[in-house]
Amino acid sequence: MGTSAPELDPDEPIEADEPDPLPEEFAAIDALHARANAVLEGVVVERLPRSEAAPDRDPLIYDPDWDERTRSRIGAPPLIEQCHEMQIL
């Protein structure tokens with residue numbers, strides 16, 4: 001009826017053609033977790049440089065001219081007014 005996967009010996013290491021990216025990814029997550037805990041405990045934490053904290057956004061996806069603060073000041077009052085008219089707020 002079909003082929004089945006070969007039996008794997010749990011004691012035999014699995015060979016891969018490429019290096020395992022997980023240890024590096026877990027190390028980054030651990031560092032972020034430690035940093036977050038330090039901030040929550042009130043420890044002064046050095047701010048990361050912009051390039052490490054948030055890489056440049058892809059202009060194909062994100063509008064480089066988008067100014068969130070200006071947009072929210074322009075759009076928020078009419079939106080709040082509409083919500084009051086619709087008795088949402």
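Residues numbered from 1 in each chain as written. Predicted model: local features only at pLDDT ≥ 70, side-chain atom pairs only at ≥ 80, totals over all residues. Heavy atoms only, no water.

### A few points about the overall build of the protein
For the protein, the helix and strand inventory stands at three helices and zero strands. Element order for the protein, N to C, with α for helix and β for strand: α-α-α. Every one of the 89 residues in the protein was classed for burial, and the buried ones make up 2%. Summed over its atoms, the accessible surface of the protein is roughly 9,300 Å², and 57% of this surface lies on carbon and sulfur atoms. (Helix = DSSP H or I, 4+ residues; strand = E, 2+ residues; numbered from the N terminus. Buried < 20%, exposed > 50% of the residue type's maximum accessible area, 1.4 Å probe, protein only. Areas by Shrake-Rupley, 256 points an atom, 1.4 Å probe, with all protein chains shown as cover.)

### Notes on a negative patch on the surface
On the surface, D9, D11, E12, E15, D17 and E18 cluster together into a negatively charged patch. In this fold, E12 is placed in the segment before α1 (22-40). The exposed category is assigned to E12, whose relative accessible area is 53%. (Patch = residues over 30% accessible without salt bridge, like charges linked within 9 Å, V, L, I, M, F, W, Y side chains within 5 Å. Salt bridge = Lys/Arg side-chain N within 4 Å of Asp/Glu carboxyl O. Lys, Arg positive; Asp, Glu negative; His and termini not counted. Charge placed at Lys NZ, Arg CZ, Asp CG, Glu CD.)

### Section: α1
With 19 residues, α1 extends 27 Å between its outermost C-alpha atoms, agreeing within 8% with the 27 Å of an ideal straight helix rising 1.5 Å per residue. Phi turns positive one or two residues past the end of α1, at G42, with a value near 90 degrees. (Expected span 1.5 Å × (residues − 1).)

### Brief notes about a nonpolar patch on the surface
Among the surface-exposed residues, L22, F26 and I29 lie close enough to one another that they form a single nonpolar patch of about 300 Å² accessible area. Relative to the helices and strands, L22 resides in helix α1. The class of L22 is partly exposed, set by a relative accessible area of 44%.

### Quick word on the confidence of the model for the protein
For the protein, the mean per-residue pLDDT works out to 77, and 76% of the residues sit at or above 70. When mean pLDDT is taken per element in the protein, α1 scores highest with 92 and helix α2 (residues 50-53) scores lowest with 54. (pLDDT = per-residue confidence, 0-100.)

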